[in-house]
Amino acid sequence: MNQMLFRFAEEAPEFSTGGAMQEWAWLILVAPFVAVAGIVFFGKRMKYQGAELAVGMMAFVFVYGLILWVQTMTDEVVYQKSIVIAEVSDTLVFEWGWVVDGLSSMMYFVVGTVGLMVFIYALGYMRGDIRYTWFFASLSMFAGAMLVLVAAPNLAQLIVGWELVGLASYLLISHYWEEKENSSAGMKAFFTNKVADVGLIIGAIALSGAVGSFRIDDILDAATHGDDVLNAPLFGSTVAIAGALLLFFGAMGKSAQFPLHIWLPDAMAGPTPVSALMHAATMVTAGIYLMARMFPLYQTMAQDARPWMIGIGAATLALTGLLALVQNDIKKVLAYSTVSQLGYMMTAVAAGGYTAGLFHLFTHAFFKALLFLGAGSVIHSVHSNNMSDMGGLRKSMPVTFWTFVVGSGALAAIFPLSGFFSKDEILATFGHEGYTLVLGIGIAGAFVTAFYMTRAVALTFFGTYKGEGHPHESERLMTVPLIVLAVLAAVAGFANWPGVFTGFTEWVGTVAFAPLGDYHPESLDLTLAAIGMGAALLGVAAGWLLYGKDRETQQARDGFWIPGLYDALKAKYWLDDVALGIVGVIKGPLARFVDWTNTNLIDAIVNAAGISTKWLGELVYGAFDQGGIDYAINASATGWGAAGGALRKLQTGRIQQYAGAFVVGAVVLVVGFVIYIN
Amino acid sequence: MTLAPILVLAAALFSMGIYGLLARRNAVMVLLAVELMLNAVNINLVAFEAAIRDAMATGQIFAIFIITVAAAEVGIGLAIVLMIFRNRHSANLDDFATMSG
């Protein structure tokens, strides 16, 4: 480890600090919130009910993100700005700021691109919705919250963004709250995330408290310099590992790692553009981003936290992918697929593949957004989420079909689509770091991924149509984002082709603290690439054999193919039941105890207090208020009233009487004056 | 020249003014009475100034001020009387006792 630290100190690269574009980068954090405020207050009066403001601001974020991306790539910019908002003591300073470096500009770019496409798509998808205006306000807040999180130079701001993301997701998942199921899904997402957030908050407090600063830079500085940091005597490997694991627990919630992934499939209750945004850019990537941002910590002081992360990541990868096999709801297939892909990313980052994990995040954002929007296009046309109501849609919805196939191919890691490069980089990292078991799981995962995506494509677009009505291709507003995302999903992989072009590696490496020990393959590992590709093709072939022709009902075929596992998968490993069971066991006695305490102790105290207060109140009311104050005030008022009535008579309105009184007064004064002088 | 006859004249004018102010019922006549009182005061001012031989002619200047203010006051007063007469077809002050309490 010491050698590694030494190398870090030697190789600390020199970066440019950027210029005006970086100094004004706070605009992209503010823009979505301007949209939120504008839509909430004036949205209904606008021509397109506020949607134009949301799309306009998102377009601004996209353009600005693109410019920052280009600048970061060409000039290697690392810019950071913090503004102190509260200084409680020397070691407790709350700051607000923004970071523009390779990692955050990659996220700005992803949020801007995917966000803009989803927003445009939502214009068509949500047309005629009952809460159209409110939807765009929440969606803008979702994107803005993610940008706040990504831009955070300190953990306090990161938590603010993190919680705002949770809030916005809650609002959006339960968008159709008229149905109990949907609002429950929102609550489930919110509460599951809250459980994880406790970890994040405690972890952040532990790390920041020990180091004496919320700044991520300071924490990483302490971590990379080891125990002998003079200004942080509290910081040691125990704190580092505990803090790192707690941060990881927070990331498990947002990034839906097993077993906290249970909220994500239910989150499909929200409108499809929300799912697309959530799965691609703005929510589930937050955990991976946090791990990547804190990467040097996990590579130095908190190395011992990594086996846990790898274990959980690999479990997520393996277990949730299988769940996608038996889903009938097309969005749930994609949801479980996201969870599984997040497992890839998390495992990759934990195994030391900083670039690999982020690269998969990058490509996954495009093809998963594409797949969700494609699924939304199908759902919009068929009016059902269930694949048993679909089939044969490739003729009636050609654009959706072809873009969906591109997205599925990218997800299944078929060369030369983007998923191939990112998944291969992850597998190469596993291989290089010596995680053979994880490598095996990863390859099996590639097979499963290809299998369920083939199943989804076959059930949706091939065979005979089983739904009602006549499906038709979606409008331009929805197909154009699909085409743009399909192009990105196809070519994004070329951003990092080991041995040919490694722009992405250098790009995300442009951070203040170099990602130590990050593995970059020199060239494509042909053996692994062949094995991964073979697994994927095998998956496609198996899926096609089983589902290519619709012979029987889908459920019968599922049961046939996976007889033992089917029940377990269908019941989602009974995880929801376990969660409810734990709650149920604790709930009974706890509730009875609380009830007893409530009736016998608290109620008695409350009642006694209430009765004595009531008695005192009556006394005060009768004797003091009514008898004393009221009587005095009434008497005084009556007296003044009588005096006024008497004096009123003087006011005759006859001006000459007044003049007469005036003259008499003057005479009296003069006479008095004369008498006084004499 | 002695001061007394002039003061008597002023006092007489002032008394006439007071009589007019209190006894007349016509608003225009009441205004005239007020003017009479003002001019009685003017005579007093000028007379006293002449008696003490004030180098700065304070009394005369004061009198000129009063004449100016009186002109403005009469202008406004007559305008008010005119408006009331147009609306009520009467200039009798006893008809205007609408402010009685």
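Conventions adopted
- Residues numbered from 1 in each chain as written.
- Chains lettered and ligands numbered in written order.
- Predicted model: local features only at pLDDT ≥ 70, side-chain atom pairs only at ≥ 80, totals over all residues.
- Heavy atoms only, no water.
- Core = buried A, V, L, I, M, F, W, Y, C linked by side-chain atoms within 4.5 Å.
- Buried < 20%, exposed > 50% of the residue type's maximum accessible area, 1.4 Å probe, protein only.
- Helix = DSSP H or I, 4+ residues; strand = E, 2+ residues; numbered from the N terminus.
- Contact = heavy atoms within 4.5 Å.
- Salt bridge = Lys/Arg side-chain N within 4 Å of Asp/Glu carboxyl O.
- 1 Å grid on protein atoms, 1.4 Å probe; cavity = no way out; pocket = protein on both sides within 12 Å on 5 of 7 lines; lining within 4 Å.
- Points joined across faces, edges and corners; volume = space filled by probe spheres on them.
- pLDDT = per-residue confidence, 0-100.
- Pairing = 2+ DSSP bridges.
- Patch = residues over 30% accessible without salt bridge, like charges linked within 9 Å, V, L, I, M, F, W, Y side chains within 5 Å.
- Areas by Shrake-Rupley, 256 points an atom, 1.4 Å probe, with all protein chains shown as cover.
- Polar contact = N/O pair within 3.5 Å; in protein donor to acceptor, adjacent residues only side chain to side chain.
- Buried area = accessible area lost by both parts, 1.4 Å probe.
- Nonpolar A, V, L, I, M, F, W, Y, C, P; charged D, E, K, R; others polar.
- Axes fitted to C-alpha atoms, helices over the stretch in contact; angles between N-to-C directions.
- Parallel < 35°, antiparallel > 145°, perpendicular 65-115°, else oblique.
- Left-handed = near helix turned anticlockwise from the far one by under 90°.
- Phe/Tyr/Trp six-rings, centres within 6.5 Å; stacked < 30°, edge-to-face > 60°.

## What about the nonpolar core?
One broad trend across soluble globular proteins is that nonpolar side chains are buried collectively. Ranked by internal contacts, the top residues of the largest apolar core, which has 200 residues, are Met106, Val114, Met291, Met294, Leu297 and Phe362 of chain A. For this core, the leading source of residues is helix α17 (residues 354-382) of chain A, giving 18 residues. Setting aside anything within four residues of it in sequence, one finds Phe362 of chain A in contact with Met106, Phe109, Val110, Ala492, Ala495, Phe504 and Trp507 of chain A. Membership of the second largest hydrophobic core comes to 12 residues, among which are Leu21, Leu31, Leu93 and Phe96 of chain B.

## Thoughts on the pattern of salt bridges
Pairs can form between side chains of opposite charge whenever their charged atoms are close. Residues and elements named next belong to chain A. In total, this model carries 10 salt bridges over all chains according to the counting rule given. Note that Arg127 and Glu475 form a salt bridge whose closest N and O atoms lie 3.0 Å from each other. Residue Arg127 is found in the loop between α5 (102-125) and α6 (132-151), and its partner Glu475 is found in the loop between α21 (436-461) and α22 (476-491); the two are separated by 348 residues along the sequence. You can call Arg127 exposed: its relative accessible area is 51%. Each member of the salt-bridge network shares a partner with another, and the members are Glu163, Lys194 and Asp197.

## A look at empty space enclosed by the protein
All names here are of chain A. Taken as a whole and judged by the stated rule, the model has 3 cavities of 30 Å³ or more. Taken as a whole, the largest cavity spans an internal volume of roughly 160 Å³. Along the wall of the largest cavity there are 19 residues; nearest its centre are Asp101, Asp217, Leu220, Arg293 and Val511. Breaking the lining of the largest cavity down by element, the ones donating at least two residues are α9 (216-225), α13 (285-293) and α14 (295-299).

## Quick notes on the confidence of the model for chain B
For chain B, per-residue confidence averages 90 on the pLDDT scale, and 98% of positions sit at 70 or higher. Scored as a complex, the prediction yields pTM 0.70 and ipTM 0.84.

## Remarks on the pairing of strand β1 (residues 79-89) of chain A
Residues and elements named next belong to chain A. Of the strand pairs in this sheet, β1 and strand β2 (residues 92-100) are connected by 9 bridges, and their pairing is antiparallel. Across the sheet, the residue bridging to Ala86 is Phe94, located in β2. In this antiparallel pair of consecutive strands, β1 and β2, the connection spans 2 residues.

## Digging into a nonpolar patch on the surface
All names here are of chain A. A surface patch of nonpolar side chains, about 710 Å² in accessible area, is lined by Trp615, Leu616, Leu619, Val620, Phe624, Ile629 and Ile633. Residue position: Leu616 is located in helix α27 (residues 575-648). The exposure class of Leu616 is partly exposed, given its relative accessible area of 46%.

## Some details on the side chain of Lys423 of chain A
Residue and element names in this part refer to chain A. Tracing the backbone shows Lys423 in helix α20 (residues 418-433). One polar contact links the side chain of Lys423 to the main-chain carbonyl oxygen of Leu411, over a distance of 3.3 Å. If sequence neighbours within four positions are ignored, Lys423 has contacts with Gln341, Tyr344, His360, Leu411, Ala413, Ala446 and Thr449.

## Describing the interface of chain A and chain B
Chain A puts 10 residues into the contact, and the matching count from chain B is 14 residues. Between chain A and chain B the total buried area reaches about 920 Å² when both faces are included, carbon and sulfur atoms providing 60% of it. Interface area lost by chain A to chain B is led by Arg654, Gln656 and Val663 of chain A, which between them contribute 53%. Viewed at the interface, chain B and chain A are joined by 1 salt bridge. Taking the shortest distance from any N to any O, the salt bridge between Arg654 of chain A and Asp94 of chain B comes out at 3.4 Å. Counting every contact that joins chain A to chain B gives 4 residue pairs in polar contact (both at pLDDT 80 or more). When grouped by side-chain class, the residues that make up the side of chain A that touches chain B number 3 nonpolar, 5 polar and 2 charged.

## Digging into the confidence of the model for chain A
Residue and element names in this part refer to chain A. Here chain A averages 81 in pLDDT, and 89% of its residues register 70 or above. The least confident element of chain A, judged by mean pLDDT, is helix α1 (residues 2-11) at 41; the most confident is helix α28 (residues 655-677) at 91. Confidence drops under pLDDT 50 across residues 1-11; counting only partners more than four residues distant or on other chains, this segment forms 12 contacts.

## Details of the packing of α17 of chain A against α22 of chain A
Residue and element names in this part refer to chain A. Viewed as axis vectors pointing N to C, α17 and α22 meet at an angle of 150°, and their least axial separation amounts to 9 Å. The angle between α17 and α22 places the two elements in the roughly antiparallel class. The handedness of the crossing between α17 and α22 is left-handed. Residue-level contacts link Phe366, Phe367, Ala369, Leu370, Leu373, Gly374, Ser377 and His380 of α17 to Met478, Leu482, Leu485, Ala486, Leu488 and Ala489 of α22. Its residues assigned to classes, the contact of α17 with α22 shows 11 nonpolar, 3 polar and no charged.

## Considering the packing of aromatic side chains
Aromatic rings considered in pairs are described by the distance between their centres and by the relative angle of their planes. Residues and elements named next belong to chain A. Within this structure, the stated rule accounts for 21 aromatic pairs over all chains. Measuring from centroid to centroid gives 5.2 Å for Phe295 and Tyr354, while their planes differ by 45°, and the two rings are tilted. Taken together, the residues Phe295 in helix α14 and Tyr354 in helix α17 connect sequence positions 59 residues apart. Each member of the pair, Phe295 as well as Tyr354, carries the same accessibility label: buried. Site record: aromatic cluster; members linked through ring pairs are Trp69, Phe109, Phe362 and Phe366.

## A short note on the packing of helix α4 (residues 51-75) of chain A against α5 of chain A
In a pair of packed helices, the angle between the axes and the distance between the axes together describe the arrangement. Residue and element names in this part refer to chain A. One can describe the packing of α4 onto α5 by two numbers: an axis separation of 8 Å at closest approach and a directional angle of 150°. Looking at the two axes, α4 sits roughly antiparallel to α5. The hand of the α4/α5 crossing is left-handed. In this structure, α4 uses Ala51, Ala54, Val55, Met58, Ala59, Val61, Phe62, Gly65, Leu66, Leu68, Trp69 and Thr72 to contact α5, whose residues at the interface are Gly102, Ser105, Tyr108, Phe109, Val111, Gly112, Thr113, Gly115, Leu116, Phe119, Ile120 and Leu123. Across the contact of α4 with α5, the residue classes tally to 17 nonpolar, 7 polar and no charged.

## Comments concerning the layout of surface pockets
In this model, the largest pocket occupies a volume close to 530 Å³. What lines the largest pocket is a set of 22 residues, among which Ile655 of chain A together with Ile80, Val81, Ile84 and Leu93 of chain B lie closest to the centre. Every element with two or more residues in the lining of the largest pocket is listed here: α28 of chain A together with α2 (27-52) and α3 (58-88) of chain B. The leading source of residues in the lining of the largest pocket is α3 of chain B, at 7 residues. Grouping the amino acids of the lining of the largest pocket by side-chain chemistry returns 15 nonpolar, 4 polar and 3 charged.

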